[in-house]
Amino acid sequence: MKKRSLKVLALFVMVFFAMTLVVGCSGGAKEEPKKEESKKEESKVEKIVLKAASTPPADHPYNLGLIEFGKLLTERTNGKFVVETFPAAQLGSEREAIEGVQMGTIDITVVSTAPLAGFSDAFLVTDLPFIFKSKEHAYKVLDGEIGQSIMKKLEGTGIVGLAFWENGFRNITNSKRPIVNPEDMEGIKIRTMENQIHMDSFRQIGADPTPMAFGELFTALQQKTVDAQENPLPIIATSKFYEVQDHLAMTGHFYAPAPLLVSQALWDKLTDEEKQIFQKAADDARDAERKMIADMDAKLLDELKAKGMQVTEPDKSKWQEAMAPVYEKWQDKIGKDLIEKVKAAAN
Ligand code: EAX
């Protein structure tokens, strides 16, 4: 009996160890290939580097927003998409960046709507003087149905518009004199973006507008090829225009949205899931970028004054009235309905 029970015990022990061994081994064996597989999968994930162009300096929110956009894309695609940014017009002017996106040689860009006028009529309504009463008004229009219908009009151009980022309300700087009333602009040679509505708006108040690429602007101001330029405070500060312009007039005459554009060639290669990730990242980075602009706007007026700029606060209603005839001139091309819809959204 004793012998037999010992044998049974020995058998149990052996079976037990054998089982532990098998379970242990199989556990290990299961884990090992898993790790290797996932490693292989990671290295198999094709890394795609996307080129993102912008014209202002590297510390402007366009570039900082593109960096944020890239960070979100990389995180949300497990490292598949990486965005490399090229600020300061390294890849050319805004017009050249738009052309690059159209051809697929540049994947992504953020530009003002104004130079897009050479490619599509879709954005013209945003270029009208004093069309947006406030940033809230602009966001309501651009982030809503109207904004979506504007982006939709890009279909067939080789460009896909994902979201409206922001450049901001534009103000006039010049090297000649303080500007308070529209008449003060008489004879002032002002650089504008390549946009007929902007040029017409300045002609309307007797100024002499000259279109020019942003990359050439600092030198043109320095050499006095032009007397004046107009841009939001973050551009004036990051591009150091205060070094060559003494006067700043807070006219806020145009609100410049800055659409995030990607090339159709890239877009067509994405899966539906990736398209959603791109769209969400574009919206999230838009919020971050707008916040950067707001934070800069809040402190820059004082900083620019401290740097020696003489600041005037013109009565905007006078400027609005003086530039108003531009609406009549452009309403057929833009669509009276669209203009009215945008205006109505202010209420
Ligand atoms: O879009 O050209 C301009 O004045 C623009 O404001 C600038 O490049 C950012």
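Quick notes on the rules
Residues numbered from 1 in each chain as written. Predicted model: local features only at pLDDT ≥ 70, side-chain atom pairs only at ≥ 80, totals over all residues. Heavy atoms only, no water. Helix = DSSP H or I, 4+ residues; strand = E, 2+ residues; numbered from the N terminus. Buried < 20%, exposed > 50% of the residue type's maximum accessible area, 1.4 Å probe, protein only. Pairing = 2+ DSSP bridges. Core = buried A, V, L, I, M, F, W, Y, C linked by side-chain atoms within 4.5 Å. Contact = heavy atoms within 4.5 Å. Phe/Tyr/Trp six-rings, centres within 6.5 Å; stacked < 30°, edge-to-face > 60°. Lys NZ or Arg CZ within 6 Å of the ring centre and 35° of its normal. Salt bridge = Lys/Arg side-chain N within 4 Å of Asp/Glu carboxyl O. Arc of directions from axis to C-beta. Axes fitted to C-alpha atoms, helices over the stretch in contact; angles between N-to-C directions. Near = heavy atom within 4 Å. Polar contact = N/O pair within 3.5 Å; in protein donor to acceptor, adjacent residues only side chain to side chain. Areas by Shrake-Rupley, 256 points an atom, 1.4 Å probe, with all protein chains shown as cover. Nonpolar A, V, L, I, M, F, W, Y, C, P; charged D, E, K, R; others polar.

**A short note on the overall build of the protein**
For the protein, the count of helices and strands is 13 helices and eleven strands. Evaluated residue by residue, the protein yields a buried proportion of 49% over its 347 residues.

**Some details on the pairing of strand 8 (residues 228-231)**
Of the two faces of strand 8, the one carrying Ala-228 and Glu-230 and the one carrying Gln-229 and Asn-231 are both buried. As defined by bridge partners, strand 5 (residues 171-174) adjoins strand 8 across four bridges and the pair is classed as antiparallel. When the sheet's bridge partners are listed, Ile-172 is paired in strand 8 with Glu-230. When strand 6 (residues 189-192) meets strand 8, the two strands line up parallel, connected through two bridges. Each bridged residue has a counterpart across the sheet, and for Ile-190 the counterpart in strand 8 is Ala-228.

**A few points about the nonpolar core**
Grouped together as the largest cluster of nonpolar side chains are 35 residues, with contacts concentrated most on Phe-123, Val-125, Leu-128, Ile-131, Phe-132, Ile-334 and Val-342. Residue assignment for this core shows that the elements contributing at least two residues are helix 3 (94-103), helix 4 (135-142), helix 5 (145-152), strand 4 (159-169), strand 10 (255-263), helix 12 (325-334) and helix 13 (336-344). Here the element with the most residues in this core is helix 12; it accounts for four residues. If we ignore the near neighbours within four places in the chain, the residues touching Leu-128 are Ile-197, Phe-254, Val-326, Tyr-327, Ile-334 and Ile-339. With 26 residues, the next largest nonpolar core counts Ala-52, Leu-260, Phe-278 and Ala-282 among its residues.

**Quick notes on the packing of aromatic side chains**
Scanning the entire structure with this criterion turns up ten aromatic pairs. An angle of 70° between the planes, with centres 6.0 Å apart, marks the rings of Phe-123 and Phe-164 as edge-to-face. Highlighted residues: Phe-123 in the loop between strand 3 (108-110) and helix 4 and Phe-164 in strand 4, separated in sequence by 41 residues. Judged by its relative accessible area of 1%, Phe-123 falls in the buried class. When its relative accessible area of 2% is taken as the criterion, Phe-164 is described as buried. A connected cluster of aromatic rings, assembled from ring pairs, spans Phe-69, Phe-81, Trp-165, Trp-267 and Phe-278. Positioned above the aromatic ring of Tyr-139, the side-chain terminus of Arg-290 is 3.8 Å from the ring centre.

**Some details on the pattern of salt bridges**
Enumeration according to the criterion identifies 18 salt bridges in this entry. When the shortest N-O distance is used, the salt bridge between Arg-203 and Asp-200 registers 2.9 Å. Pair noted here: Arg-203 and Asp-200 are both in helix 6 (residues 196-204), with a separation of three residues, about one helical turn. For Asp-200, a relative accessible area of 9% gives the class buried. One continuous salt-bridge network, built from bridges that share partners, spans Asp-143, Asp-283, Arg-286, Asp-287 and Arg-290.

**A few points about helix 3**
For helix 3, every residue scored as buried is listed here: Glu-94, Ala-97, Ile-98, Gly-100 and Val-101. Projected down its long axis, helix 3 carries its buried residues within an arc of 160°, all on one side. Positioned one or two residues after helix 3, Gly-104 has a phi angle of 90°, which is positive.

**So, the sheet that holds strand 9 (residues 247-249)**
The strand order 7-6-8-5-9-11 describes an open sheet built from six strands, whose pairing is mixed. Across the chains shown, the open sheet's two edge strands, defined by having one partner strand only, are strand 7 (208-211) and strand 11 (310-312). Strand-to-strand twist across the sheet, computed as the mean angle between neighbouring axes with direction ignored, equals 25°. Two elements, strand 6 and strand 7, share four bridges in a ladder whose sense is parallel. Bridging from a neighbouring strand, Ile-190 pairs with Pro-209 of strand 7.

**Brief notes about the site of the ligand**
Taken together, the neighbourhood of the ligand is formed by Thr-55, Pro-56, Tyr-62, Glu-94, Ser-112, Asn-167, Arg-170, Arg-191, Met-193, Phe-214, Asn-231 and Ile-235. At a separation of 2.9 Å, an oxygen atom of the ligand approaches a polar side-chain atom of Arg-170. One nitrogen or oxygen atom from the side chain of Asn-231 is found 2.6 Å from an oxygen atom belonging to the ligand. Protein burial of the ligand: of its 270 Å² of free accessible surface, 99% is covered by the chains. Of the residues that constitute the shell around the ligand, the class distribution is five nonpolar, four polar and three charged.

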